[in-house]
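Understanding the architecture of this molecule
Given next are the chains, with one letter for each unit.
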Amino acid sequence: MIDKTTGKPVRHLDLEIGSQSFVRNVSFAPGVVYVGTDTNCLAVPLASGVAVTTLADGNCTAIKIQQDGTAWLSTDGLYRHDTQDWRRWLPGQSGAIAASSIEEDGMSNVWLGASDGLWRYFDLAREHRFSGNGARISSMAGDLNGGVVAGLANGEVWHVNRKLEATQIALPAPTETPSSPYYRGALVADGTANEIWVLSAAGLFKVDGSMPKRMAEFPSMPSNSQAVPSSLAISAEGMPCTGLLDSTVALCFKDGSWQQSAEVMDDFGGRSVAAVTFDTAGSLLAVGIRSISVAGKTQTELGPFEPTPFGVKHLFGAIANTTSVDGVDAVASGGWGGTAFLKRSGEAYREAGSGLSTVQDQPYIIRQFASHPSFGLLAGADEGLFVWNGDPISGHWKSLRDIDPRLAAGLDGVVVSDDRSFWVGSGLRLSLIELPKAAPQAEIQRSPSTDTIDTNAVTYKLSVPGLVGLPASKSTAITYSPSIANAERGVTGPTSRLDLSNLADLTTYRVTAEVTDGFLNIGPTLESKFSVKLPFYQNPYKLGAVVVAAIMFLGLLLTRRGPTGFVLLRIGRLRWSTEKDDPRFAIEVKNLGPDVVRYELEAPSALTLIRLVVDVPAPQLDASPKEILPYLVRVAEGKVRPHRERFDTAMKRAASVLGEEALPENVRFMTSQFDSGAISVDLSKSLLWLPIELANDGGASQVMLRYAIGRSVSGDVLVESEPLRSSRLRVAIFAPHLDPSTPSLPQAEAEAKSVAAAARKWGAEVDFVRPDATKQQVLDAICAANIFHYAGHAEFSSGAAGNSYLPISGGHILAAEIAAALQSAPHNLLLAFINGCGSSREDSWERGLEIYGFASAFLNNAVYFIGAQWPIQDEIAALLAGEFYARLFPASYSLWWQLIRRNPLQGTPFAEALRLARLEAREFGPEAVQTWSSYVFYGDPTRRLVLQ
């Protein structure tokens, strides 16, 4: 040994290996040096007076001590030592090997250099093996420190920590063991205060610390019964319950005795309550052969569930609460086989799905579920360990057997350890599996590589480099927007090729790829975007258009309306009109006096009558919900300094509060079940401030991102005008030029041009109101138009919304002046889109004909309205407006095709067009939230333009 300070030897050890032997390799560990020589493998302690230990005799060609203390050595074969003993390692079918070098890389790989090549050992598992008669694992429960408590079939109970140190929990021996062949030994469960409960033939025990306390006798059964406990669950109040094998009942210990608390459906050929658990509401869930019982204030039963096609009845099953799968609260697997996901509403449950029945390699007998924070829902089954992929309806189980051979064997249980590890029990063996954390990267290449391609097919090459897990276990999930028929949704392996064909012309495609490596790490999402623009001779629409254009060229010269307007209105003799449908939901919110607000929900488009009526205390809405809109406005205006927060984080909090306090639970449940459709919201005048659109109802995203929402306000003056019937559609666009002292909006002119282009594709007449137009000229244009679009500044007057105004060159137009102009004479205005800051805010809303804000100025005169509620970003607002009109007016060539086929010519409903525009603006990231979330639509959400 050398002193690092002086460089002089301070200790000398003679290894006594003989004159013809040499040291071949050395490995270091705290306090010990491991040495491989020609004659033996040695452990040399660094402390004085401690003898050298011979680990193995023979030519020690390699020796390595890993960072966690696991030892490797190579003599006549390769040996590995973890916490219990040495075991020989034989790689697959290759037989014994001898290594010349052993190294680890920090990614759970141990690399072994041998004469026949390079080997890789996946260093994922540490094992503890129980010994003795009947030491098979029967049940498992976790502790707060990442350890596990295992109950054995012989009645023993052991605690094993993450270092694989095992301690037996001392329990008294039973005076008698049940003679039933179904007796499982010691059943364990964790309590709410980090205590462990044990039920065995010796009785019911509560183990808090190291001292077990007897709480009850083992449940007694009639002499002619084979029934015995199957599982153990503890309520939040500390009440123990157990299911019974060879029985239909579950027992709970209360008032000093075991009492029946739940019962499942009986079935010929077998009966059992294989597993029990408590939900967060305190209800007991018990799983049987073909049904699930829920015992709360009342007892209900779900089922019968049909057996799997290939299954037979058995006495095993599992049930657990879970939030690892979207849209469910519990998961069960009973003696029928298969899986059932459950969704809770109040104390009631309903089946939420059971996955795809056509997928092969699914677990049949599931012994235990575990909701892992990183890996999701795990299932320990007779066929090994599985993880759930996807939603409860279209998802399926995926085997993890390729990760480690221990995960392919039949399992008796699975328990979470920490964020990257878990325990599995199989027979006598208890294994801690720890999967390394990594960030898998992928590379994606497209051919052709240009942003715009002139062919209807592309090829992608995907590569996923890296040494985490088996290369064949790497998978890539692929999504397409819009959807591409017959395109692969997932590929496996480190490299793959993806061929996409039959792409649509004049379409922009977005392809996203998300990589998962062999150890369930998910990498960042990759995105590739390209547009298809085919030559005219490859597109039948374009080719037809060229032929028609050549024939009709002379006729087109006689019209100023353009090709679409000429064909549709002159030859087709079509007229502009509007149509509507029934919305998915109609929600009315009204005051019932000063203390109660009533919510009424109907489903007009449903086949059966659906109607909910829920009363909410008015103070509940007057508290946090009423403060949300003013607060968001202050955040948008930057008036919450010095504690300023980002708008997107403020929106998340606002959505959560609105969902919990402004939407009753039953209404939330109904709306959260769907991801599309229209909702009409009718508000009392005093509740106009209520921003229901912003709420998070528990669905996949905010309500406004999933539903097309149209507002209306209760009142006799807010009525809808006669439907449009005209051979001409007039669109007035106004983007004023203001004086130099007013901040400019550089995107306003581009916005006006994109709106005009979309309208002209449908043959609409576009009227560009002069940028320097006078007040009267603007009012005349509004009254003469069917659609009015304003791109510019808008000013909201707090406390006097009727004085809100649109700035124009040399002056301004008050909201009250717009209302007066519309009231003064008949008009044909259908929709007004005021794309300016704060254009839809309402300071108050009172009876009579008083005008407060831009929204009421138009609504009181039977005009649909779109406006923003707080400051918005010019660039995002312009993009959103362009996307809105692009959907309101579909591409002209598709209309020609629809005309030839005599199909209805119709655009996207106003509210749905706004929703789709929101989604497009959302792609700009968190900075765009302030803009796309600001817009509201007043009117019928299903109303759309048609030519007929």
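Predicted model, so just to flag it, every value in this text is computed and none were measured.

1. Comments concerning the overall build of the chain
- Scanning the chain from terminus to terminus reveals 16 helices and 64 strands.
- Per-residue burial over the chain gives 51% buried out of 948 residues.
- Looking at the chain as shown, the accessible area adds up to about 43200 Å², and 51% of this sits on carbon and sulfur atoms.

2. Quick word on helix α11 (residues 815-824)
- By the burial criterion, the buried members of α11 are Ala 815, Ile 818, Ala 819, Ala 821 and Leu 822. The buried residues of α11 occupy an angular sector of 160 degrees when the element is viewed end-on, so they sit on one face.

3. A few points about the nonpolar core
- Core analysis: the largest hydrophobic core is formed by 89 residues, its most contacted members being Phe 884, Leu 888, Phe 889 and Leu 945.
- Ala 781, Leu 806, Ile 813 and Leu 829 belong to the second largest nonpolar core, which has 34 residues in total.

4. A short note on the packing of helix α5 (residues 624-636) against helix α6 (residues 647-662)
- In contact at an axis separation of 10 Å, α5 and α6 are set at 170 degrees when each is read in the N-to-C sense. When the axes of α5 and α6 are compared, the pair comes out roughly antiparallel. Residues Ser 624, Pro 625, Ile 628, Tyr 631, Leu 632, Val 635 and Ala 636 of α5 form the contact with α6, whose own contacting residues are Phe 647, Ala 650, Met 651, Arg 653, Ala 654, Val 657, Leu 658, Glu 661 and Ala 662.
- Across the contact of α5 with α6, the residue classes break down as 13 nonpolar, 1 polar and 2 charged.

5. As for the packing of helix α13 (residues 874-888) against helix α15 (residues 910-922)
- Relative orientation of the contacting elements α13 and α15 amounts to 135 degrees, with a least axis distance of 8 Å. Between α13 and α15, the angle is such that the two are oblique. The hand of the α13/α15 crossing is right-handed. Across the interface between the two elements, Ile 876, Leu 879, Leu 880, Glu 883, Phe 884, Arg 887 and Leu 888 of α13 pack against Phe 910, Ala 913, Leu 914, Leu 916, Ala 917, Arg 918, Glu 920 and Ala 921 of α15.

6. Description of the environment of Arg 944
- With respect to the element layout, Arg 944 can be found in strand β64 (residues 944-947).
- Put simply, Arg 944 and Lys 580 are 364 residues apart on the chain and 6.4 Å apart in space, counted from C-alpha to C-alpha.

7. Notes on the environment of Ala 606
- One can find Ala 606 in the loop between β50 (596-602) and β51 (611-617).
- A sequence separation of 24 residues divides Ala 606 from Asp 582, and the C-alpha atoms of the two residues are 9.1 Å apart.

8. Structural notes on the pattern of salt bridges
- Within the structure shown, the criterion is met by 38 salt bridges.
- Close ionic contact of Arg 401 with Asp 361 constitutes a salt bridge, the shortest N to O distance being 2.9 Å. Of this pair, Arg 401 sits in the loop between β36 (396-399) and β37 (413-418) while Asp 361 sits in the loop between β32 (348-353) and β33 (366-372), placing them 40 residues apart in sequence.
- Of the residues examined, Arg 401 reaches a relative accessible area of 30% and is grouped as partly exposed.
- Measuring nitrogen to oxygen at the nearest pair gives 2.6 Å for the salt bridge that ties Glu 693 to Arg 711. Placement of Glu 693 in the loop between β52 (678-683) and α8 (703-706) and of Arg 711 in strand β53 (residues 708-713) is noted, with a sequence separation of 18 residues between them.
- Exposure remark for Glu 693: the relative accessible area of 5% places this residue in the buried category.
- Residue classification places Arg 711 among the buried residues on the basis of a relative accessible area of 3%.
- It is possible to trace a salt-bridge network through shared partners that takes in Arg 87, Glu 127, Arg 129, Asp 404, Arg 406 and Arg 429.

9. Let's talk about the state of the cysteines
- Taken as a whole and judged by the stated rule, the model has 2 disulfides.
- Put simply, Cys 41 and Cys 60 are joined by a disulfide, and their sulfur atoms are 2.0 Å apart. Its S-S torsion of approximately 110 degrees makes the covalent link between Cys 41 and Cys 60 right-handed. Placement of the pair is Cys 41 in strand β3 (residues 40-45) and Cys 60 in the loop between β4 (53-57) and β5 (62-65), with a sequence separation of 19 residues. Across the pair, exposure class does not vary: Cys 41 and Cys 60 are buried alike.
- With a sulfur-sulfur separation of 1.8 Å, Cys 241 is cross-linked through a disulfide to Cys 252. One quick way to see it: the torsion about the S-S bond of Cys 241 and Cys 252 is about 105 degrees, and its sign makes the bridge right-handed. Of this pair, Cys 241 sits in strand β22 (residues 240-245) while Cys 252 sits in strand β23 (residues 249-254), and the two are 11 residues apart along the sequence.
- Overall, the relative accessible area of 0% leaves Cys 241 in the buried class.
- Since its relative accessible area comes to 1%, Cys 252 is described here as buried.
- The disulfide pattern of the chain is 1-2, 3-4 when the bonded cysteines are numbered in sequence order.

10. Considering unusual backbone geometry
- Cis geometry marks the peptide bond from Ser 447 to Pro 448, where omega comes out at 0 degrees.
- With respect to the helices and strands, the residue Pro 448 is situated in the loop between β40 (443-447) and β41 (452-453).
- In this structure, the amide linkage connecting Ser 481 to the following residue, Pro 482, adopts the cis form with an omega of -5 degrees.
- Following the sequence through the fold, Pro 482 ends up in the loop between β43 (475-481) and β44 (490-492).
- Backbone geometry at Asp 246 places phi at a positive 60 degrees, although glycine is not the residue there.
- Within the secondary structure, Asp 246 sits in the loop between β22 and β23.
- The class of Asp 246 is partly exposed, set by a relative accessible area of 22%.
- Phi angles above zero are rare outside glycine, and Leu 520 is one such case at about 70 degrees.

11. Focus on the sheet that holds β22
- Overall, antiparallel pairing links the 4 strands, which are arranged β21-β22-β23-β24 in an open sheet. Single-partner strands in this sheet number two, and they are β21 (228-234) and β24 (257-263). Pairwise comparison of adjacent strand axes, ignoring direction, gives a mean angle of 30 degrees for this sheet.
- As paired elements, β23 and β24 share 6 bridges and run antiparallel to each other. The residue bridging Lys 254 from the neighbouring strand is Ser 257, located in β24.

12. Quick word on the pairing of β3
- For β3, the tally of buried residues reaches 6 of 6 residues, placing the bulk of the element in the interior.
- Of the two faces of β3, the one lined by Asn 40, Leu 42 and Val 44 and the one lined by Cys 41, Ala 43 and Pro 45 are each fully buried.
- Of the pairings in the sheet, the one linking strand β2 (residues 32-37) to β3 comprises 5 bridges and is antiparallel in character. For Val 32, the partnering residue across the bridge sits in β3 and is Pro 45.
- Between β2 and β3, which follow one another and run antiparallel, lie 2 residues.
- Pairing analysis gives 4 bridges linking β3 to β4, with the strands arranged antiparallel. Each residue of the ladder has a partner; that of Asn 40, found in β4, is Asp 57.

13. With respect to the packing of aromatic side chains
- Under the counting rule described, the total for this entry stands at 26 aromatic pairs.
- Aromatic pair Trp 89 and Tyr 121: ring centres 5.5 Å apart, planes at 90 degrees, arrangement edge-to-face. Separated by 32 residues along the polypeptide, Trp 89 in the loop between β8 (86-88) and β9 (99-104) and Tyr 121 in strand β11 (residues 117-122) bring together distant segments of the chain. Both residues of the pair, Trp 89 and Tyr 121, count as buried.
- Look at Tyr 864 and Phe 937: their rings are 5.8 Å apart centre to centre, the planes differ by 70 degrees, and that puts the pair in the edge-to-face class. Placement of Tyr 864 in strand β61 (residues 864-868) and of Phe 937 in strand β63 (residues 935-938) is noted, with a sequence separation of 73 residues between them.

14. Points about a nonpolar patch on the surface
- The grouping of Met 1, Val 10 and Leu 46 at the surface amounts to a nonpolar patch, some 260 Å² of accessible area in total.
- Positionally, Leu 46 belongs in the loop between β3 and β4.
- A relative accessible area of 34% means that Leu 46 is categorised as partly exposed.

15. With respect to the side chain of Ser 231
- You can see Ser 231 is positioned in strand β21.
- Look at Ser 231 and you get buried, because its relative accessible area is 13%.
- Polar contacts involving the side chain of Ser 231 include one to the main-chain amide nitrogen of Val 276, which spans 3.2 Å.
- When residues no more than four places from it in sequence are discounted, the contact partners of Ser 231 are Leu 187, Cys 241, Thr 242, Gly 243, Ala 274, Ala 275 and Val 276.

What counts and how
Residues numbered from 1 in each chain as written. Predicted model: local features only at pLDDT ≥ 70, side-chain atom pairs only at ≥ 80, totals over all residues. Heavy atoms only, no water. Helix = DSSP H or I, 4+ residues; strand = E, 2+ residues; numbered from the N terminus. Buried < 20%, exposed > 50% of the residue type's maximum accessible area, 1.4 Å probe, protein only. Areas by Shrake-Rupley, 256 points an atom, 1.4 Å probe, with all protein chains shown as cover. Arc of directions from axis to C-beta. Core = buried A, V, L, I, M, F, W, Y, C linked by side-chain atoms within 4.5 Å. Axes fitted to C-alpha atoms, helices over the stretch in contact; angles between N-to-C directions. Parallel < 35°, antiparallel > 145°, perpendicular 65-115°, else oblique. Contact = heavy atoms within 4.5 Å. Nonpolar A, V, L, I, M, F, W, Y, C, P; charged D, E, K, R; others polar. Left-handed = near helix turned anticlockwise from the far one by under 90°. Salt bridge = Lys/Arg side-chain N within 4 Å of Asp/Glu carboxyl O. Disulfide = S-S within 2.5 Å. Pairing = 2+ DSSP bridges. Phe/Tyr/Trp six-rings, centres within 6.5 Å; stacked < 30°, edge-to-face > 60°. Patch = residues over 30% accessible without salt bridge, like charges linked within 9 Å, V, L, I, M, F, W, Y side chains within 5 Å. Polar contact = N/O pair within 3.5 Å; in protein donor to acceptor, adjacent residues only side chain to side chain.

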